[in-house]
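# A structural walkthrough
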Amino acid sequence: MTSAQLSPAPASTIAAWDNPPAVAPRGTIILVVGRGEHPGVYERFGTRIAFDGYRVRVVGDPTADADAVTADIRTLLSDPDLPAPRVLAGSDAGAAFVAALAATGTVQADALLLVGLPPATAGAPAPAGPASAAAATSVAVGATEAGATEAGAIGAEGAAAGGEDADGEGRWAAELAARTACPTHQARLSADPHLRRGGLDTPVPPAWLADGDLGRVDLPVLGLHGTADLVSPLGQVRARYAAAPRAELVTIDGGKHDALNDATHRTAAAAVVLFLERLRLGSELPAIARWS
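Residues numbered from 1 in each chain as written. Predicted model: local features only at pLDDT ≥ 70, side-chain atom pairs only at ≥ 80, totals over all residues. Heavy atoms only, no water.

Assigned secondary structure in the protein chain consists of nine helices and eight strands. Residue burial in the protein chain is summarised as follows: out of 292 residues, 52% are buried. Excluding contacts between residues fewer than 6 apart, the proportion of contacts in the protein chain whose partners are at least 24 apart in sequence is 77%. Carbon and sulfur atoms form 56% of the exposed surface of the protein chain, whose accessible area is close to 11900 Å². (Helix = DSSP H or I, 4+ residues; strand = E, 2+ residues; numbered from the N terminus. Buried < 20%, exposed > 50% of the residue type's maximum accessible area, 1.4 Å probe, protein only. Contact = heavy atoms within 4.5 Å. Areas by Shrake-Rupley, 256 points an atom, 1.4 Å probe, with all protein chains shown as cover.)

Here the focus is the pairing of strand β7 (residues 221–226). Of all six residues making up β7, six are buried, and the element is well covered by its neighbours. Both faces of β7 are covered, namely the face carrying Val221, Gly223 and His225 and the face carrying Leu222, Leu224 and Gly226. In this sheet, β7 lies alongside strand β5 (residues 111–115) in parallel orientation, the contact comprising four bridges. Across the sheet, the residue bridging to Val115 is Leu224, located in β7. One crossover worth recording links β7 to the parallel strand β8 (residues 247–252) by way of helix α8 (residues 234–242), and it is right-handed. (Pairing = 2+ DSSP bridges. Right-handed = clockwise from strand over helix to strand, strands pointing away.)

Our focus in this paragraph is the pairing of strand β4 (residues 86–91). Extensive coverage of β4 is indicated by the burial of six of its six residues. Alternating residues of β4 divide into Arg86, Leu88 and Gly90 and Val87, Ala89 and Ser91, and every residue in both groups is buried. Two elements, strand β2 (residues 27–32) and β4, share five bridges in a ladder whose sense is parallel. By the bridge assignment, Ile30 is partnered in β4 with Leu88.

If you look at the biggest cluster of nonpolar residues, it comprises 37 residues, and the most contacted ones within it are Ile29, Ile49 and Leu224. The biggest single contributor to this core is helix α9 (residues 265–281), with eight residues. Membership of the second largest hydrophobic core comes to 36 residues, among which are Val59, Leu77, Val204 and Tyr241. (Core = buried A, V, L, I, M, F, W, Y, C linked by side-chain atoms within 4.5 Å.)

The description of two packed helices rests on the angle between their axes and on the distance between the axes. Between helix α5 (residues 169–179) and helix α6 (residues 183–190), whose axes approach to 10 Å, the crossing angle comes to 135°. By the angle class used here, α5 and α6 are oblique. The crossing of α5 and α6 is right-handed. Contact with α5, carried on its side by Trp172, Leu176, Ala177 and Arg179, involves Gln186, Leu189 and Ser190 of α6 and no other residues of that element. (Axes fitted to C-alpha atoms, helices over the stretch in contact; angles between N-to-C directions. Parallel < 35°, antiparallel > 145°, perpendicular 65-115°, else oblique. Left-handed = near helix turned anticlockwise from the far one by under 90°.)

By the definition in use, this model includes 12 salt bridges. Residue Arg179 is joined to Glu37 by a salt bridge in which the shortest nitrogen-to-oxygen separation is 3.4 Å. Highlighted residues: Arg179 in helix α5 and Glu37 in the loop between β2 and α1 (43–51), separated in sequence by 142 residues. The closest approach of N and O atoms between Asp218 and Arg246, which form a salt bridge, is 3.4 Å. Here Asp218 is found in the loop between α7 (206–211) and β7, whereas its partner Arg246 is found in the loop between α8 and β8, with 28 residues between them in sequence. Classification of Asp218 by relative accessible area gives exposed; the value is 53%. According to the relative accessible area criterion, Arg246 is partly exposed, its value standing at 23%. One salt-bridge network, held together by shared partners, links Glu37, Glu175 and Arg179. (Salt bridge = Lys/Arg side-chain N within 4 Å of Asp/Glu carboxyl O.)

This paragraph deals with the environment of Leu200. Considering the arrangement of structural elements, one finds Leu200 in the loop between α6 and α7. Taking relative accessible area as the criterion, Leu200 reaches 8% and is therefore assigned buried. Along the sequence, Leu200 and Gly34 sit 166 residues apart, while their C-alpha atoms lie 8.4 Å from each other.

A few words now on helix α3 (residues 93–103). Among the 11 residues of α3, 11 are classified as buried, and the element is accordingly described as predominantly covered. Every buried residue of α3 is accounted for by Ala93, Gly94, Ala95, Ala96, Phe97, Val98, Ala99, Ala100, Leu101, Ala102 and Ala103. Buried residues in α3 make contact with β2, α2 (66–77), β4, β5, α7 and α8. In the segment just after α3, Gly105 is the residue with positive phi, at about 75°.

Structural data, given as structure tokens:
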């Protein structure tokens, strides 16, 4: 494993994790980070996926510089050293961004991985029922969707955690809790001088939501979403996946907004690797393992 960037860095930096020398590369993930984040935040995810033979490249926050991030993605997609299949991934606003890139044909990839995808419109009502099985396959890790309909909880939790204190620590504690329940990752984010606190307050550009119609994405799509995601409530997001011709939605029971860096990050990584292995067999994602 090699890494071009393991420490916190500005949004334009590309982080890289490669397959071990003894393992032939099996494919590539190009990941766009979420609001306020930088590529080094995904060290744990990149290391884990690279260990299984996949090359991982992580680019910066598109809400900070969308043009630079698009240029980085194009450069990576044209790199002959990054093998197919090539999966374009995004977390939080990064997921909305890559969905828009794929839906509009701005870039070409072999599949999408969307984590904590924002609802199509702010404050959109939750659908009355689960997505149609004909439109999207939903695989639940656990059984409940506790807290999935509680929108705008960061402000409420901020008040409970200390409200509008002089240093903003109550607000930060609420944002941290909304991002992840993993104490290790919480500690890393709190100590990170390059993480932009309050990043989740940045609105997702409406154009990304309008352009990112998954109904226009004729690619395999894997969605990862926590059932306790208060930033992007699951009930409001199901309809987006239901519109996709070839989407699978994996819900993480009790999971927070950043499924790749949550307490269940191993489960999320396992779901990603299984998706990648199926993708290597063909774009129809033939089954490899069955729970029966």
